[in-house]
Amino acid sequence: MDIQPFQERVWLASPTMHGEEQSYVKEAFDTNWVSTAGKNIEQLEKAVCEQVGCHYAVALASGTAALHLAVKLAGIIPGDKVFCSDLTFAATVNPVIYEKGEPVFIDSERDTWNMNPLALKQAFERYPETKAVIVANLYGTPAKLKEIRTICDENHAVLIEDAAESLGAVYHKQQTGTFGTYNAISFNGNKIVTCSGGGMLLTNEDTAAEQVRKWSTQSREAAPWYQHKETGYNYRMSNIVAGIGRGQMLHLEEHVKRKREIYFRYKEGFAGLPITMNPYIEEEMQPNFWLSCMLIEKSAMCKQVRSDTEALYVNESGKSCPTQILETLAKYNAEGRPIWKPMHLQPTYHGNIFVTEKTEKKMAGSRENDCISNLDSDVGADLFARGLCLPSDIKMTREQQDKIIQIVWGCFEG
Ligand SMILES: *Cc1c(COP(=O)(O)O)cnc(C)c1O
């Protein structure tokens, strides 16, 4: 290929600042409200409530902190099972471990890559005593949140929605981050809007919001001295950090619009290649398109093997694989990433239960067919093997994206 490497790195998703962020930070300095209280925090919480349509938002140090406190609100105690999305970032799941619960992983579905409601239903049949479900909206695409909510209600389980990647995404005309009883969003550096780092717990329950405010500021009781009835955390967001978020929220819609453009330009650019983009259900959802991802058709996959820390592939004309494409992008100074490695394949969760959708399909035929069938019934592992996240940075120019598209084409030609 006759393509020059990018002079400036093209990122997967880097922070995009606009200017207002700095003036709110300056305001915090000028007024000396530089700690964990102040106008930026109040205004950021208000802006998020207005954006998503929830009653209460509590600004915290991270999305992970929000998920941790959500798990505590759900009443998870040592030994409790919690049904969790399998194909997600580990931060969805780790808070269950903080409370000594037991994550049980629910496989993905093909049409959204998110938690498969049928598998969830089957998990409740096996473990009906389960008290909580944590569902993530992967890459900004909503899960089938209504179906999942109904299944939770029928089983008297609390739904926690991990909307860390999906701020601004809509499902059945309702913003994500509002379907759970407790919901988490993230302002981490790579998310669609950022505070540099931070998160929020969203809920409509006033008592829950109060509890989170208390827990996140060391569980101090109303007393003249430091009085504590329960364990506390130092999880509150700083007013400086909140200033960045306050400025960013003014640009959320614009970021979603730009991410959407990027997704559809890829889709168009890949027409003719054995590639599909990360799917969603058009009639029901408007993702925020945080990351554009691609999936290679099975028949167009060259041989690829992965150990726990390394990957190898065999070059084959007309075929490619995520390893080849990621290595090639890196060679041209562009950043992609494999699909998040499913939790049930992570060494730290080795031995945890993994529930896939049980079908009546028989695995008849040769050994070879058995292998294919096994991958069919482990959707997460299959998406991990054949998928990757493309450079999705808001600041990527059209020319840069055209070049990325050309590079991907080149991988299938070589
Ligand atoms: C980023 C992310 C989190 C964690 O948010 P932090 O603010 O980084 O702690 C949780 N879940 C998912 C799915 C994420 O992508």
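Residues numbered from 1 in each chain as written. Predicted model: local features only at pLDDT ≥ 70, side-chain atom pairs only at ≥ 80, totals over all residues. Heavy atoms only, no water.

**Examining the overall build of the chain**
Along its length, the chain carries 13 helices and 17 strands. Scaling as 2.2 N^0.38, a compact globule of 414 residues should have a C-alpha radius of gyration of about 22 Å, and the chain matches this with 22 Å. Seen along its three principal axes, the alpha-carbon backbone of the chain occupies a region of about 75 × 50 × 40 Å. Across the 414 residues of the chain, 56% fall into the buried class. A separation of at least 24 residues holds for 72% of the contacts in the chain among residues at least 6 apart in sequence. With an accessible surface of roughly 18500 Å², the chain has 51% of that area assigned to carbon and sulfur atoms. (Helix = DSSP H or I, 4+ residues; strand = E, 2+ residues; numbered from the N terminus. Rg over C-alpha atoms; globule rule 2.2 N^0.38 Å. Buried < 20%, exposed > 50% of the residue type's maximum accessible area, 1.4 Å probe, protein only. Contact = heavy atoms within 4.5 Å. Areas by Shrake-Rupley, 256 points an atom, 1.4 Å probe, with all protein chains shown as cover.)

**A look at the packing of aromatic side chains**
Under the defined criterion, the tally for this structure stands at 13 aromatic pairs. Ring centres of Trp113 and Tyr139 lie 6.5 Å apart, and the angle between their planes is 75°; this geometry places the pair in the edge-to-face category. Of this pair, Trp113 sits in the loop between strand 3 (102-106) and helix 5 (117-126) while Tyr139 sits in the loop between strand 4 (132-136) and helix 6 (145-154); the two residues are 26 residues apart in sequence, bridging distant segments of the chain. Where Tyr233 meets Tyr235, the ring centres are 5.1 Å apart and the plane angle is 20°; that geometry is what we call stacked. For the residue pair Tyr233 and Tyr235, the accessibility class agrees, reading buried in each case. In this structure, Arg9 is placed above the aromatic ring of Trp11, and the distance from its NZ or CZ to the ring centre is 5.4 Å. One residue, Arg306, lies across the ring of Phe384, its end atom 4.2 Å from the ring centre. (Phe/Tyr/Trp six-rings, centres within 6.5 Å; stacked < 30°, edge-to-face > 60°. Lys NZ or Arg CZ within 6 Å of the ring centre and 35° of its normal.)

**Topic: the domain arrangement of the chain**
What the domain assignment reports for the chain is domain 1 (20-249) and domain 2 (252-346 + 368-413). The straight-line distance from the C-alpha centre of domain 1 to that of domain 2 is 28 Å. Carbon and sulfur atoms make up 61% of the area that domain 1 and domain 2 hide from each other, which totals about 3100 Å². Area buried by domain 1 at its contact with domain 2 is led by Arg110, Trp113 and Tyr139, which between them contribute 28% of it. For the pair domain 1 and domain 2, the number of links is 18 residue pairs in polar contact (both at pLDDT 80 or more). Of all elements in the fold, only strand 6 (170-171) and helix 8 (239-249) reach the threshold of two or more residues within the side of domain 1 that touches domain 2. Tallied by class, the residues present in the side of domain 1 that touches domain 2 amount to 17 nonpolar, 12 polar and eight charged. (Domains from an automatic or database assignment. Buried area = accessible area lost by both parts, 1.4 Å probe. Polar contact = N/O pair within 3.5 Å; in protein donor to acceptor, adjacent residues only side chain to side chain. Nonpolar A, V, L, I, M, F, W, Y, C, P; charged D, E, K, R; others polar.)

**Points about the site of the ligand**
As a matter of local geometry, the ligand sits amid 15 residues, with Thr64, Asp162, Glu165, Ser186 and Lys191 nearest to it. Here Ser186 contributes a side-chain N or O atom positioned 2.7 Å from an oxygen atom of the ligand. In terms of residue class, the shell around the ligand is made up of four nonpolar, eight polar and three charged. (Near = heavy atom within 4 Å.)

**Examining unusual backbone geometry**
For Lys100, which is not a glycine, the phi torsion comes out positive at approximately 60°. Here Lys100 shows up in the loop between helix 4 (94-98) and strand 3. A residue is classified by how much of its surface remains accessible, and Lys100, at 58% relative accessible area, is exposed. Although it is not a glycine, Gln218 adopts a positive phi angle of roughly 75°.

**Description of the sheet that holds strand 7 (residues 174-175)**
Strands sit in the order 7-6-11 across an open sheet of three strands; the sheet is antiparallel. The outermost strands of the open sheet, each flanked by one partner alone, are strand 7 and strand 11 (285-286). The pairing of strand 6 with strand 7 spans two bridges and is antiparallel. Bridge pairing in strand 7 places Tyr171 opposite Gln174. (Pairing = 2+ DSSP bridges.)

**Some remarks on the pairing of strand 8 (residues 182-186)**
Along strand 8, five of the five residues are buried, which leaves the element largely enclosed by surrounding structure. Neither face of strand 8 is open: one carries Tyr182, Ala184 and Ser186, the other Asn183 and Ile185, and all of them are buried. Relative to strand 8, strand 5 (residues 158-162) is paired through three bridges, and the arrangement is parallel. Across the sheet, Glu161 pairs through a bridge with Asn183, a residue of strand 8.

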